[in-house]
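So you can see what is in the structure, the chains are spelled out below.
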Amino acid sequence: MPISSTSDECSSSSTPRSTKVVNLLRQFTHTMKSGGSKLKDRCKKPTQVHALTIYSILSSSSSSDEYSKSHLPYGLPDSNLIEPPIDRFLTHLDFVDSVSDLYRRILHSGSESGLYVEQYALLCVVGDPKLLRRSLQSAREYAGDVHSKVVLSAWLRYERREDELVGISGMDCIGKALECPKSALIDNSFGCTQFRKIFDCCHCVCENASMKVNVFIDTGNKCEADDDINEAETVHFSIGNEVINCVRPKIASLSSPLNTLLYGSFVESSKQSIDFSQIGMSVEAMRGVEMFSRTKKLPDFVTPNVILEILSFSQQFCSEEMKSACEVYLASLVSTVDEALIFIEYGFEDSASLLVASCLQVILRELPNSLNNPKVLTLFTTPECIEKLTMVNHTSFLLYYLLTQVAMDEKMTSSNAVILLERLIEFATEKWQKTLAFHQLGVLLFEKEDYKAAQSCFEAAYELGHAYSAMGIARTLYKQGKTYLARDLIKKIISDCKRPNGWMYQERSLYNLGSKKIQDLELATKLDPTLAYPYKYRAVLFVGENLINEAIQEINKIIRFKVSPDCLELRAWFYLLVEDYQSAVRDIRALLSLEPCYMMFHGKMRCDYMIDLLSQRVKQWSPADCWLQLYDRWSYIDDIGSLAIIHQMMAHDPGKSLLRFRQSLLLLRLNCQKAAMRSLRLARNLATAKHERLVYEGWILYDTGYREEALSKAEESVSIQRSFEAYFLKAYTLADTSLDPDSSSVVIQLLIDALKCPSDGLRKGQALNNLGSIYVDCGKHDLAADCYINALDIKHTRAHQGLARVYSLKDDRKAAYDEMTKLIEKAENNASAHEKRSEYCDRDNAVIDLYMATQLDPLRTYPYRYRAAVLMDEQKETEAVDELTKALAFKPELQMLHLRAAFYESMSDFDLALRDCEAALCLDPNHKETLELYNRTLKESAEIYT
């Protein structure tokens, strides 16, 4: 459809279309600058690229819009503005070697907390939230000092983002000791070891949700009855006109200085009355000291000011026992950031480490919002405050590691993040810590376009052995106009590396031109097909040649298996160029689901504004139409299309929690876990009914590894109201273990109960599919087939896979193959279908299917393992290992590491077998098969050397 009345058929011309586009852009830009009228009589061929499409849309909808005039035309995507970002994490040349070495150190050290923090830093490059969370949990489990426990428990909470749930306080406990704010304040040095297991319940659940967790204090003596004290043992402290009668030995027992005062060589030791008017104590505070000396308890119903006076007295006279009691009391009063900022100053003044810890905890558990408070930033960044924190043992690399990650997550170019990273460098002591700190500061300064300073940071990290920082050095040289130096540096990295990585060739391509650039990009994709830049650059290159369909096909190659906002934006841009507005809107809506504030066209326009502009060019669907379209997209397993429709439905009903929940499920399927969790939290906040809110809270707990708590939420929801989602959550959580016959029957009944409750076909199709899977595991094939057929009747296309499995178990492999063929024909993205169909055909056809699966989704690991196993069967050991090695270079995955270790063991290469086992166990220390292989290989290796 032409976009304006001026877009008529143009006359034949020999001028290339790309040249015409450039000329049109130049002419339009000149006209706009000179204040002239809009470009008229614009001609095109039927397949002409519409460089001015966006302007035409804007001008037709709002010709007087000054925003539009000042920012347009946007023209074609600029290849110079799609350069790949520099990864801010530690990226070792050989990931397997690095994690293997770390696992050995963890074993030999007896599980030091700091090693698990290092593990977290290494695994960040993998990007699996569950692996990262497990590392933090292990670090918290083995943390002994209060400071580390406070920081790590707050970090775990930050990863859960529970503070974003309406009605939930940052100091609330979820029932687990590792995240409980009270248990974090207990120092293991006092003998408290009851909170060692990752999923142990804390006192908040075990005893009383409102109880106070006290510091363990060994008083060393028992209180005597007042009747046993004679007058000679009484001492009178006068403050002004008031006199406080105290038991001399009791007061003396509070500290060595008080004992010396009352029984030593001071004149006060012989007096019955001592004047305390000049020490700055109130009468109420001195009475509190007297009471504590007798009962070892602070008085009830006193003001915090009185306790602060007693704290100061304790510090002045070195009474650690009473000081600890004051700190515990005051710590229980701190609940907000403002209160924490007030009390922390008293903590500094009296060297009250526990009080400072409690204040620090409140601040950290309110991240990221607390970092927006200028007073909080002052606390963590100014030399004076840092010195105060250091004096009470509350500064560390760990603290600033958390703060810098939060700051960088919130805004990469934040000046505050730079200051925090500079502090991180100051507190870095180990080599990996210094490397990480310098590299991340380099990334941040690069984003701020401070290239010389960034170069210095990258060079420091590179000198510490981080080869990946060479990319930062090269990029900063390139930005300073030193292209040849940049290229030579990357060439050296490639030549020095035994097995070059894909990112090296990708980086070198930035400094090459023409065919050399294309060759580097092809090599980069071959070595690491998950790198987005090569696809994006080739796609933009196609656009420059007016090959828009080819550009879309190229960007589709990565969107099929790795959905990201930048790739979706580029594809939407391409659709705009060919006036396929419906597809463009679909991609923009999907993009907004991932990143709600994304700016299109190299940061020049809000996505939601673009949707408004395109609304007149696309068909507007009613809510009923949206549901029909959603069923249609669901049946084609078009997750991006489904996501876009859900986004449109939310425009009709923005407060509906169910839509946010559906959005989160789709985002999880697309492996966008951070965005999925955000949608799930919004679903919980929007829920109006308690039973519904409990379900969403249950899913949040399940997704962060707390299955028992998720199950409890589901049961509580069912007790309020029987609903599909509550039963489904309970069944799903119970099924996520090795099921015995009894538990299988429970899950079956729960799914049957769920299907009896009201819900739509989309969710019931999923429940039927899950029920069929349980029936298959129980050997009830006919019942399973019925479930899958019923699911297919309501367009749950994925049920073809389950039905194929039933046919295969009944020895009808042809029917199974045909069933998977139906799925391949229907599915929008059928990589998994090709992979599964390979199980139901001969070896030659299986290889073809698995090759197709790898082409469609190189992140699927089964095809590599299958091909490697076939090569091993053919006694091609080197080729089998290479098949796994090339995949492990960009997808370090436990099953592939385990298989390669088994290959090495069969080849009697025990050192490499042990290395791969150690790397796999670093990813999952409880993987049974790998543990067995590891122990067996250790024994075989020992026999050789003895």
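Every value quoted in this text rests on a predicted model; they were computed, and no experiment measured them. (Residues numbered from 1 in each chain as written. Predicted model: local features only at pLDDT ≥ 70, side-chain atom pairs only at ≥ 80, totals over all residues. Heavy atoms only, no water.)

1. Some words on the overall build of the protein
Okay, step 1: In terms of regular secondary structure, the protein is built from 50 helices and six strands.
Okay, step 2: By residue count, 54% of the 946 residues in the protein fall in the buried class.
Okay, step 3: Considering only intrachain contacts with a sequence separation of at least 6, the fraction spanning at least 24 residues in the protein is 60%.
Okay, step 4: If you sum the accessible surface of the protein, you get close to 41,900 Å²; carbon and sulfur atoms cover 50% of it. (Helix = DSSP H or I, 4+ residues; strand = E, 2+ residues; numbered from the N terminus. Buried < 20%, exposed > 50% of the residue type's maximum accessible area, 1.4 Å probe, protein only. Contact = heavy atoms within 4.5 Å. Areas by Shrake-Rupley, 256 points an atom, 1.4 Å probe, with all protein chains shown as cover.)

2. Considering the sheet that holds strand β5 (residues 273–275)
Okay, step 1: Read across the sheet, three strands follow the order β4-β3-β5 without closing on themselves; strand pairing throughout is mixed. Sheet topology places β4 (242–247) and β5 at the edges, where each strand pairs with a single neighbour. Mean inter-strand twist for the sheet, computed between neighbouring axes without regard to direction, equals 30°.
Okay, step 2: Strand direction decides the pairing type here: strand β3 (residues 234–239) and β4, joined by six bridges, are antiparallel. Following the sheet pairing, Thr234 is matched in β4 by Val247.
Okay, step 3: The strands that helix α11 (residues 283–295) touches are β3 and β4; relative to β4, the one it contacts most, it runs at about 10°. (Pairing = 2+ DSSP bridges. Axes fitted to C-alpha atoms, helices over the stretch in contact; angles between N-to-C directions.)

3. Some points on the side chain of Thr234
Okay, step 1: Inspection of the secondary structure puts Thr234 in strand β3.
Okay, step 2: With a relative accessible area of 13%, Thr234 lands in the buried category.
Okay, step 3: Thr234 has contacts with Asn245, Cys246, Arg248 and Gln272, leaving out every residue within four places of it along the chain.

4. Comments concerning the environment of Ile490
Okay, step 1: Looking at the element boundaries, Ile490 is found in helix α23 (residues 483–496).
Okay, step 2: Judged by relative accessible area, Ile490 falls into the buried class, the value being 0%.
Okay, step 3: Along the sequence, Ile490 and Tyr505 sit 15 residues apart, while their C-alpha atoms lie 8.2 Å from each other.
Okay, step 4: Those residues in contact with Ile490, other than ones at most four positions away along the chain, are Ala470, Met471, Ala474, Met504, Glu507, Arg508 and Tyr511.

5. As for the pattern of salt bridges
Okay, step 1: Across all of its chains, the model carries 53 salt bridges by this definition.
Okay, step 2: Residue Arg104 is joined to Asp101 by a salt bridge in which the shortest nitrogen-to-oxygen separation is 3.7 Å. Residue Arg104 and its partner Asp101 are located together in helix α4 (residues 95–109), separated by three residues, close to a single helical turn.
Okay, step 3: A salt bridge links Arg662 to Asp760; its shortest N-O distance comes to 2.3 Å. Placement of Arg662 in helix α34 (residues 657–669) and of Asp760 in the loop between α39 (741–756) and α40 (761–777) is noted, with a sequence separation of 98 residues between them. (Salt bridge = Lys/Arg side-chain N within 4 Å of Asp/Glu carboxyl O.)

6. Side note on the environment of Leu398
Okay, step 1: Tracing the sequence through the fold places Leu398 in helix α18 (residues 397–410).
Okay, step 2: As for Leu398 and Gln433, which are separated by 35 residues in sequence, their C-alpha atoms are 9.6 Å apart.
Okay, step 3: Apart from the residues within four sequence positions on either side, Leu398 is in contact with Val117, Ser148, Val151, Leu152 and Trp155.

7. Some thoughts on helix α10 (residues 256–263)
Okay, step 1: When α10 is considered as a whole, its buried residues turn out to be Leu258, Leu261 and Leu262. Along the axis of α10, the buried residues cluster in a sector spanning 85°; they form a single face.
Okay, step 2: The inward-facing, buried residues of α10 abut β3, α9 (248–252), β5 and α12 (304–316).
Okay, step 3: Where α10 begins, the capping side chain belongs to Ser255, and its oxygen is found 3.3 Å from the backbone nitrogen of Leu258. (Arc of directions from axis to C-beta. Polar contact = N/O pair within 3.5 Å; in protein donor to acceptor, adjacent residues only side chain to side chain.)

8. Things to note about the packing of helix α26 (residues 532–544) against helix α28 (residues 565–577)
Okay, step 1: Direction vectors running N to C along α26 and α28 enclose 10°, while the axes themselves pass 11 Å from each other. As summarised for this structure, α26 and α28 are arranged roughly parallel, according to the angle between their axes. Contacts between α26 and α28 involve Ala532, Lys536, Ala539, Val540 and Val543 on the former and, on the latter, Asp566, Cys567, Leu570, Phe574 and Leu577.
Okay, step 2: Split into classes, the residues belonging to the contact of α26 with α28 amount to eight nonpolar, no polar and two charged. (Parallel < 35°, antiparallel > 145°, perpendicular 65-115°, else oblique. Nonpolar A, V, L, I, M, F, W, Y, C, P; charged D, E, K, R; others polar.)

9. Considering the nonpolar core
Okay, step 1: Leu364, Phe380, Tyr401 and Phe574 are the most contacted members of the largest nonpolar core, which totals 231 residues.
Okay, step 2: Among the elements that take part in this core, α18 stands out by supplying ten residues, more than any other.
Okay, step 3: Those residues in contact with Tyr401, other than ones at most four positions away along the chain, are Val117, Tyr120, Ala121, Trp155, Leu424, Trp432 and Leu436.
Okay, step 4: Residues Leu165, Leu729, Leu771 and Ala791 belong to the second largest nonpolar core, which totals 44 residues. (Core = buried A, V, L, I, M, F, W, Y, C linked by side-chain atoms within 4.5 Å.)

10. Thoughts on the pairing of β3
Okay, step 1: In terms of residue burial, β3 counts as a mostly covered element, since six of its six residues are buried.
Okay, step 2: In this sheet, β5 lies alongside β3 in parallel orientation, the contact comprising three bridges. Bridging across to β5, Ser238 finds its partner in Asp275.

11. Brief notes about the packing of helix α24 (residues 502–509) against helix α25 (residues 514–527)
How two helices sit against one another is set out by the angle between their axes and by the gap between those axes.
Okay, step 1: At a minimum axis distance of 8 Å, the contact between α24 and α25 shows a crossing angle of 160°. Of the possible angle classes, the one that applies to α24 and α25 is roughly antiparallel. As α24 runs across α25, the sense of the crossing is left-handed. Of the residues in α25, those in contact with Gly502, Tyr505, Gln506, Arg508 and Ser509 of α24 are Lys517, Asp520, Leu521, Leu523, Ala524 and Leu527.
Okay, step 2: Its residues assigned to classes, the contact of α24 with α25 shows five nonpolar, three polar and three charged. (Left-handed = near helix turned anticlockwise from the far one by under 90°.)

12. Quick notes on unusual backbone geometry
Okay, step 1: A cis amide bond, omega 5°, links Leu367 with the succeeding residue Pro368.
Okay, step 2: Its location among the elements puts Pro368 in the loop between α15 (353–364) and α16 (374–381).
Okay, step 3: Of note in the backbone geometry, Phe601 takes a positive phi value of approximately 55° without being a glycine.
Okay, step 4: Along the polypeptide, Phe601 turns up in helix α30 (residues 600–603).
Okay, step 5: The phi dihedral of His602 falls on the positive side, at around 60°, and the residue is not glycine.
Okay, step 6: For His602, the location among the structural elements is in helix α30.

13. Some thoughts on α39
Okay, step 1: Its 16 residues give α39 an end-to-end C-alpha distance of 23 Å, which sits within 8% of 22 Å, the value for a rise of 1.5 Å per residue.
Okay, step 2: Looking at α39, one finds that the buried residues are Ser744, Val747, Ile748, Leu750, Leu751, Asp753, Ala754 and Leu755. (Expected span 1.5 Å × (residues − 1).)

14. Here we look at the side chain of Gln433
Okay, step 1: Positionally, Gln433 belongs in helix α20 (residues 431–447).
Okay, step 2: Residue classification places Gln433 among the buried residues on the basis of a relative accessible area of 8%.
Okay, step 3: Setting aside anything within four residues of it in sequence, one finds Gln433 in contact with Phe397, Phe427 and Ala428.

15. A word on the confidence of the model for the protein
Okay, step 1: Mean pLDDT over the protein: 87, with 87% of residues reaching 70 or higher.
Okay, step 2: In this model, residues 1–73 is a region of pLDDT below 50 whose contacts with residues beyond four sequence positions or in other chains number 105 contacts.
Okay, step 3: Of the regions scoring below 50 in pLDDT, residues 206–227 engages in 33 contacts with residues more than four places distant in sequence or in other chains. (pLDDT = per-residue confidence, 0-100.)

16. Some words on the packing of aromatic side chains
Okay, step 1: Tallying each qualifying case throughout the model produces 28 aromatic pairs.
Okay, step 2: Consider the rings of Tyr120 and Trp155, whose centres lie 5.1 Å apart with planes at 70°: the pair is edge-to-face. Highlighted residues: Tyr120 in helix α5 (residues 113–123) and Trp155 in helix α7 (residues 146–160), separated in sequence by 35 residues. An identical accessibility class is assigned to Tyr120 and Trp155; each is buried.
Okay, step 3: With a centroid separation of 5.3 Å and 5° between ring planes, the pair formed by Tyr400 and Phe427 is classed as stacked. (Phe/Tyr/Trp six-rings, centres within 6.5 Å; stacked < 30°, edge-to-face > 60°.)

17. Let's talk about the environment of Gln137
Okay, step 1: In this structure, Gln137 sits in helix α6 (residues 129–141).
Okay, step 2: Owing to a relative accessible area of 5%, Gln137 belongs among the buried residues under this scheme.
Okay, step 3: Once the C-alpha coordinates of Gln137 and Glu179 are considered, the two residues, 42 residues apart in sequence, prove to be 9.0 Å apart.

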